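Descriptive analysis of the structure
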Amino acid sequence: MQFMLLFSRQGKLRLQKWYVPLSDKERKKISRDLVQTILARKPKMCSFLEWRDLKIVYKRYASLYFCCAVEDQDNELITLEIIHRYVELLDKYFGSVCELDIIFNFEKAYFILDEFLLGGEAQETSKKNVLKAIEQADLLQECTFPV
Amino acid sequence: MPAVSKGDGMRGLAVFISDIRNCKSKEAEIKRINKELANIRSKFKGDKALDGYSKKKYVCKLLFIFLLGHDIDFGHMEAVNLLSSNKYTEKQIGYLFISVLVNSNSELIRLINNAIKNDLSSRNPTFMCLALHCIANVGSREMAEAFAGEIPRILVAGDTMDSVKQSAALCLLRLYKASPDLVLMGEWTSRVVHLLNDQHMGVVTAAISLITCLSSKNPDEFKTCVSLAVSRLSRIVSSASTDLQDYTYYFVPAPWLSCKLLRLLQCYPPPEDGAVKGRLVECLETILNKAQEPPKSKKVQHSNAKNAILFEAISLIIHYDSEPNLLVRACNQLGQFLQHRETNLRYLALESMCTLASSEFSHEAVKTHIETVINALKTERDVSVRQRAADLLYAMCDRSNAKQIVAEMLSYLETADYSIREEMVLKVAILAEKYAVDYSWYVDTILNLIRIAGDYVSEEVWYRVIQIVINRDDVQGYAAKTVFEALQAPACHENMVKVGGYILGEFGNLIAGDPRSSPLVQFNLLHSKFHLCSVPTRALLLSAYIKFINLFPETKATIQEVLRSDSQIRNSDVELQQRAVEYLKLSSIASTDVLATVLEEMPPFPERESSILAKLKKKKGPGAVSVELEDGKERGELNGGGDRGGDASTPSPSADLLGLRSTAPVSGTTPSAGSLLVDVFSEAGPSATSAGVNDDGFLSSAPPTVASEDPAPPLPESDELLNKFVCKNNGVLFENQLLQIGIKSEYRQNLGRMYLFYGNKTSVQFVSFNTTVSCPGELQSHILQLEPLVEGGAQVQQVINIECLTDFIDAPLLNIKFRYGGALQNISLKLPVTINKFFQPTEMAAADFFQRWKQLSQPQQEAQKIFKASHGMDTEVLKAKLLGLGTALLENVDPNPENYVCAGVIQTKAQQVGCLLRLEPNAQAQVHTHKCILLDSRLIMCHQCKSILNSC
């Protein structure tokens, strides 16, 4: 996977994760173009599209669009389920997640994503294991360690 | 504001986010942000040391501001400080900030790497993971340098926790992708491969991404992974849906891992070991079977996961391309998806079938779905799905169904989305040509294309139809009739006028017998379109008119009238005016014989790769068609200004790709640039009035002199003669017992003037003395004719003007014919015009020179040659040679005083090409190394320079 974007129906970026080195300018341009392209699509359309030399896989959950860019040989359907699993993780962690949770706790959304995907590849697909790792981290929050 | 659900809240941050959300306008938001930035800055700069919590909170605010899309130029140091905090939460935020906002400040990187190093050696798995996540997120070269040695050790160590192994595997993958040279697996290879056997599914899932990437780059070193992958896959595929506990996803066991295992196997050919292969085929069959079973859940996640595995298995089956049974089964199962209610599945089925269509085993099976695919093209609501359907129709097309598919694609074109029209047009044109059995169908198809989607018909397409009509005399009459009919439409596309003008100009006589298409009717029809057309089309029509005068003498008066009108002969466009003037003159003074020779029918075009196919390949990249481009990206536009006849039309191994006209008569025309259609259509230069070669579209390129004898082939020694003049402009060009030819030439920019002195060495006069020059299309020449008599002992002078339009290889040929005592003398020589004559010397400083030298190091930009110093190593001689080459000899530029460096710009009409040279004499070996660098990627120039260097 090359990158993942979460954005609202109004086109506001809520989360961006880049797995390939790109300049800030390129990232902004890509996000702008892609958000526009996807928002222009109708609801019943296919979840995949060719975009530049990448494949875009996206799905809308309530007010949020989840969008992944994968390489040509990558599997679209399994990417769609990557998105779904991430949504499930957020949902379980926040308890019926909504856009506001991701806005106000954006750092948590990033932490959960890092446990699930690393370098653009699935690190741990078991929901239990990912949540266990996050909960452990939460338990450590205020612990002080000897340096 | 929702209550923060877990962990510690940062109240200040939540308030700030709320404030931003409440901003009514962009301006208000920016104002609020600037206020916050000022506040944070003062806190960071203040005298009071901030506690960890405040630092964390402010760093988090900065992060939020950055993610909103604003620039952040401070706070990095505070974030780095957080990394070494002894509170987990502070460390975590520090790492997040660094991951999102990496800064290449080297001092910071040293500090960050230090913090990471500490965490990696902390033995605390949570800290280790944080550090590994940070490396994987940043993935910079500096991090690879610091950690690429350490991470493989962590990955394979027996006491590493599973979660750390997972992070380490993917961290290594990221570093390998960014800096493969720094990640050396070596001794770890086998232990990494054995992670495929790990007890922990999560470890296998993470490790397999790394192994797949490494295998695709070094398949031999990792080939033991094949049997391990097969047995792992086999265990998953045969497991019950509950066996794998939390790795089962909506009743599908380990879908991610299954897909990745199947992908890994695609890095390799089918397993050689019979047992392994048998087991794998069994797995693939099981996957195909399971896909047919009734679903265990109605959730889309269940079917997606199951089908993800199915599609990946089909990819592997296609990759092997050796199991006819599996290929056909795959095709049938995809066929069921073609009408599935899920758009996603229809899309993917069309996409996968496209690759199945190219396998000989499944091509026929794919073809059985033609009706469904055509229906998809017509009825799918989503353009991306229709695009896939069009691709599949293109892929499944063969001789048996071409007419149907082309017809469907044509009718789709009428309503097709603008975004895909041009590609559709190219595809229709290619299929029509590739599978044309009778050429009248081909002509009809292309004319329909122009009618339906004229704006999207590129030049390549209509050039091609003309090439084919010219080369096949069985279709010429039909083509003339059809364009004539097409032109009768009240509104027709300009491309139709172009094709019509060209074809009627050549073959209008074939339909002139019918009074409904008599010569005058044809002419009036063409001329009725004239005023609506652009200048290039009008120029083409004028040429068609002069051809008409030759074909139909009865139209002469009418056409001369048109040419004579002020709107032609005084047209403000110089090209149109010139054509009108010249054609009028030609038609008035030339005899019928001369006219017939000059306006002869075009000779057949040489065989070459379809330019349309080249264009499609360029558009779609090598994957779109079965033939690879050598370097698609480097190419200029096919018909771009200076590129005529260059690389785009080089006969490549694929020239016969379409196998179309392999039986068509090929004339003896050489495949030089001058005979390409692209050149034929190019605009004639301003001084094209030559008795030698006329560059104009309709005139055949054979020298239309009245001479009855063909020019002799060039003298065998003429190449040698050519070399003699590379570095000098004056001297004796030729001498035999009868004749001596001296030459003096001068060049300025892209223009050259040559004085030839013909000396009659005998005491008898030469009669019918006649000289002609024939140029390659890249040069234009103008020659002043001589008197046909040269008295004994006399010398006559002739001036030749040369213009270099673009880079060229072949020198112009000079042909001299005369009679000496009744015997015909026929001599052909190469005129010493080489590309370096158009050099403009360029002075530049050392720094400038070497900067450019280094920039231009693409293989296609340079030519290097080591050659014997046949002219000795004398400094002054070499200097004189290099100056004679036309470049500037740069003093005090090369650090080695033995070397010579030169710079110059080759001036052609179409473009200017910078050129840098370096000559390194090696006195001991008596050889020079000569390297030439061009500011241009075209090999043609490099080759040219190589041959010039040769003669220095």
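As a convention, each chain's residues are numbered from 1 in the sequence order in which they are written. Both sets of labels track the order of writing: A upward for chains, 1 upward for ligands. In keeping with the predicted nature of the model, local features appear solely for residues at pLDDT of at least 70, side-chain atom pairs appear and are counted solely at 80 or more, and the whole-chain, interface and lining totals rest on all residues. With hydrogens and water stripped out, all remaining heavy atoms of the structure feed into the side-chain values.

1. A closer look at the overall build of chain B
Our working rule: Numbering of helices and strands starts at the N terminus; helices are DSSP runs of H or I of at least 4 residues and strands are runs of E of at least 2. The classification of residues rests on relative accessible area computed with a 1.4 Å probe and restricted to protein chains. Under 20% of the type maximum is buried, over 50% is exposed, and intermediate values are partly exposed. Here, residues are in contact when the closest pair of their heavy atoms is within 4.5 Å. The Shrake-Rupley method, run with a 1.4 Å probe sphere, supplies the accessible areas, and residue values consider only the shown protein chains as cover.
Regarding its fold elements, chain B presents 39 helices and 16 strands. Burial status across chain B gives 56% buried among its 952 residues. Taking as baseline every contact in chain B between residues at least 6 positions apart, the subset at least 24 positions apart corresponds to 67%. If you sum the accessible surface of chain B, you get close to 40,600 Å²; carbon and sulfur atoms cover 51% of it.

2. Describing the sheet that holds strand S4 (residues 739-748) of chain B
Note on sheets: strands pair through backbone hydrogen bonds, and any given pair is parallel or antiparallel. All names here are of chain B. Test applied: Following DSSP output, two strands are said to pair if at least two bridges run between them. Whenever a helix is involved, its axis is fitted only over the stretch in contact; in every case the axis is a line through C-alpha atoms, and angles between N-to-C directions fall within 0 to 180 degrees.
Here we have 5 strands laid out as an open sheet, ordered S3-S4-S5-S8-S7, and antiparallel in their pairing. Single-partner strands in this sheet number two, and they are strand S3 (730-735) and strand S7 (779-783). Each adjacent strand pair in this sheet contributes to an overall mean axis angle of 25°, direction not counted. Judged from the 5 bridges that link them, S3 and S4 form a sheet pairing that is antiparallel. Opposite Asn730, over in S4, you have Lys744 as the bridge partner.

3. Focus on the packing of helix H10 (residues 162-178) of chain B against helix H12 (residues 201-217) of chain B
Residues and elements named next belong to chain B. The line we're drawing: When an angle is under 35 degrees it counts as roughly parallel; over 145 it counts as roughly antiparallel; between 65 and 115 it counts as roughly perpendicular; any other value is oblique. Two helices that cross are described as forming a left-handed crossing if the nearer one is turned anticlockwise from the farther one by less than a right angle, and a right-handed crossing if clockwise.
Direction vectors running N to C along H10 and H12 enclose 20°, while the axes themselves pass 8 Å from each other. Of the possible angle classes, the one that applies to H10 and H12 is roughly parallel. Helix-helix and strand crossings are classified by hand; for H10 and H12 the assignment is left-handed. Judged by residue contacts, Asp162, Lys165, Gln166, Ala169, Leu170, Leu172, Leu173, Tyr176 and Lys177 of H10 engage Gly202, Val203, Ala206, Ala207, Ser209, Leu210, Cys213, Leu214 and Lys217 from H12.

4. Describing the confidence of the model for chain B
Residue and element names in this part refer to chain B. Spelled out, the test is: For every residue, the predictor reports its confidence as pLDDT, a number between 0 and 100.
Scored by pLDDT, chain B comes out at a mean of 80, with 83% of its residues at no less than 70. Taking the mean pLDDT of every element in chain B, the minimum, 30, falls on helix H35 (residues 677-680) and the maximum, 95, on helix H14 (residues 255-265). In this model, residues 621-708 is a region of pLDDT below 50 whose contacts with residues beyond four sequence positions or in other chains number 159 contacts. Note that pLDDT drops below 50 for residues 936-940; the model gives that stretch 16 contacts with residues more than four away or on any other chain. Among the scores for the predicted complex, ipTM is 0.95 and pTM is 0.66.

5. Here we look at the interface of chain A and chain B
To keep things clear, this is the line we draw: Accessible area that two parts lose when put together, with a 1.4 Å probe and added across both, is what the buried area reports. Should a side-chain nitrogen of Lys or Arg be within 4 Å of a carboxyl oxygen of Asp or Glu, the pair is scored as a salt bridge. The definition of a polar contact used here is a pair of N or O atoms within 3.5 Å, where within protein one atom must be able to donate a hydrogen and the other to accept one, and adjacent residues in sequence count solely through side-chain atom pairs.
Contacts between chain A and chain B engage 66 residues on the former and 77 residues on the latter. Considering only the surface of chain A that becomes buried against chain B, Leu77, Phe104 and Phe106 of chain A emerge as the three largest contributors, covering 11% of it. Counting the contacts that link chain A with chain B gives 4 salt bridges. The salt bridge partner of Arg388 of chain B is Glu50 of chain A, with a shortest N-O separation of 3.1 Å. The interface formed by chain A and chain B contains 28 residue pairs in polar contact (both at pLDDT 80 or more). The element that contributes the greatest number of residues to the side of chain A that touches chain B is helix H2 (residues 76-94) of chain A, accounting for 11 residues.

6. Quick notes on the environment of Lys427 of chain B
Within the secondary structure, Lys427 of chain B is located in helix H23 (residues 418-434). Lys427 of chain B sits 34 residues away from Leu393 of chain B along the chain, and the two C-alpha atoms are 10.0 Å apart.

7. Side note on the state of the cysteines
Residues and elements named next belong to chain B. In plain terms, the rule: When the sulfur atoms of two cysteines come within 2.5 Å, that pair is taken as a disulfide.
Scanning all chains against the criterion turns up 0 disulfides over all chains. Not engaged in a disulfide, the cysteine Cys533 finds its nearest cysteine sulfur in Cys492; these two sulfurs lie 8.0 Å apart. Residue Cys533 is classed as buried on the basis of its relative accessible area, which comes to 8%.

8. Thoughts on the sheet that holds strand S3 (residues 48-51) of chain A
Residue and element names in this part refer to chain A. If you walk across this open sheet you meet the 5 strands as S2-S1-S5-S4-S3, and the pairing is antiparallel. Two strands lie at the open edges of the sheet, namely strand S2 (13-18) and S3, each paired on one side alone. On average, adjacent strands in this sheet sit at an angle of 20° to one another, irrespective of strand direction. Across 5 bridges, strand S1 (residues 3-8) lies against S2 in antiparallel orientation. Note on S2: the bridge partner recorded for Leu5 is Gln16.

9. Focus on the side chain of Gln92 of chain B
Relative to the helices and strands, Gln92 of chain B is located in helix H5 (residues 88-100). Those residues in contact with Gln92 of chain B that sit more than four places away from it in its chain are Phe111, Ala137 and Gln141 of chain A together with Leu130 of chain B.

10. Points about the nonpolar core
Quick reminder of the rule: Each nonpolar core is a collection of buried residues, namely Ala, Val, Leu, Ile, Met, Phe, Trp, Tyr and Cys, held together in the definition by side-chain atoms within 4.5 Å.
If you look at the biggest cluster of nonpolar residues, it comprises 278 residues, and the most contacted ones within it are Tyr86 of chain A together with Ile116 and Leu449 of chain B. Excluding residues within four positions of it along the chain, Leu449 of chain B makes contact with Leu410, Leu413, Val425, Val428, Ala429, Gly454, Val457 and Val461 of chain B. If you look at the next biggest cluster of nonpolar residues, it comprises 46 residues, including Phe808, Phe818, Ile835 and Leu882 of chain B.

11. Here's the deal with the pattern of salt bridges
If you walk through the whole model with that rule in mind, you get 43 salt bridges over all chains. The salt bridge involving Glu29 of chain B is made with Lys26 of chain B; its shortest N-O contact spans 3.7 Å. Of the two residues, Glu29 of chain B and Lys26 of chain B both sit in helix H2 (residues 26-45), 3 residues apart, roughly one turn of that helix. Taking relative accessible area as the criterion, Glu29 of chain B reaches 8% and is therefore assigned buried. Between Glu735 of chain B and Lys761 of chain B there is a salt bridge; the shortest N-O distance is 2.9 Å. Of the two residues, Glu735 of chain B sits in strand S3 while Lys761 of chain B sits in the loop between strand S5 (751-760) and strand S6 (767-774), which places them 26 residues apart along the sequence. For Lys761 of chain B, a relative accessible area of 43% gives the class partly exposed. Because the salt bridges share partners, they merge into one network encompassing Glu50 of chain A together with Arg388, Asp391, Glu423 and Lys427 of chain B.

12. A look at helix H20 (residues 370-379) of chain B
Residues and elements named next belong to chain B. Here is the rule: It is the directions from the helix axis to the C-beta atoms whose arc is reported.
Regarding H20, the residues found buried are Ile370, Val373, Ile374, Ala376 and Leu377. End-on, the buried residues of H20 take up no more than an arc of 155°, which puts them together on one face. Set apart from the buried face of H20 by more than 90 degrees, the exposed residues are Glu371 and Lys378. Elements in contact with the buried residues of H20: helix H18 (343-356), helix H19 (363-367), helix H21 (383-396) and helix H22 (402-413).

13. Some thoughts on the packing of H21 of chain B against H23 of chain B
Geometry of a packed helix pair, given as the angle between the helix axes and the separation of the axes. All names here are of chain B. To keep things clear, this is the line we draw: Residues were grouped as follows: Ala, Val, Leu, Ile, Met, Phe, Trp, Tyr, Cys and Pro as nonpolar; Asp, Glu, Lys and Arg as charged; and all remaining residues, including Gly, as polar.
H23 packs onto H21 with a crossing angle of 15° between their chain directions and a minimal axis gap of 11 Å. Comparing their axes, H23 and H21 come out roughly parallel. Helix-helix and strand crossings are classified by hand; for H21 and H23 the assignment is left-handed. Between H21, through Gln387, Ala390, Asp391 and Tyr394, and H23, the contact on the second element is made entirely by Ile420, Glu423, Met424, Lys427, Ile430 and Leu431. Taken together, the residues of the contact of H21 with H23 break down into 6 nonpolar, 1 polar and 3 charged.

14. As for the pairing of strand S15 (residues 912-922) of chain B
Residue and element names in this part refer to chain B. With 8 bridges joining them, strand S14 (residues 900-907) and S15 adopt antiparallel strand pairing. Following the sheet pairing, Ala903 is matched in S15 by Leu916. Remark: 4 residues form the turn of the hairpin made by S14 and S15, two consecutive strands paired antiparallel.

15. Here's the deal with the pairing of strand S9 (residues 813-820) of chain B
All names here are of chain B. Judged from the 6 bridges that link them, S6 and S9 form a sheet pairing that is antiparallel. Each bridged residue has a counterpart across the sheet, and for Asn770 the counterpart in S9 is Lys817. As paired elements, S9 and strand S10 (residues 823-830) share 8 bridges and run antiparallel to each other. From the neighbouring strand, Phe818 faces S10, where its bridge partner is Gln825. Linking two consecutive strands that pair antiparallel, namely S9 and S10, is a turn of 2 residues; a positive phi of about 60° is found at Gly821 within it.

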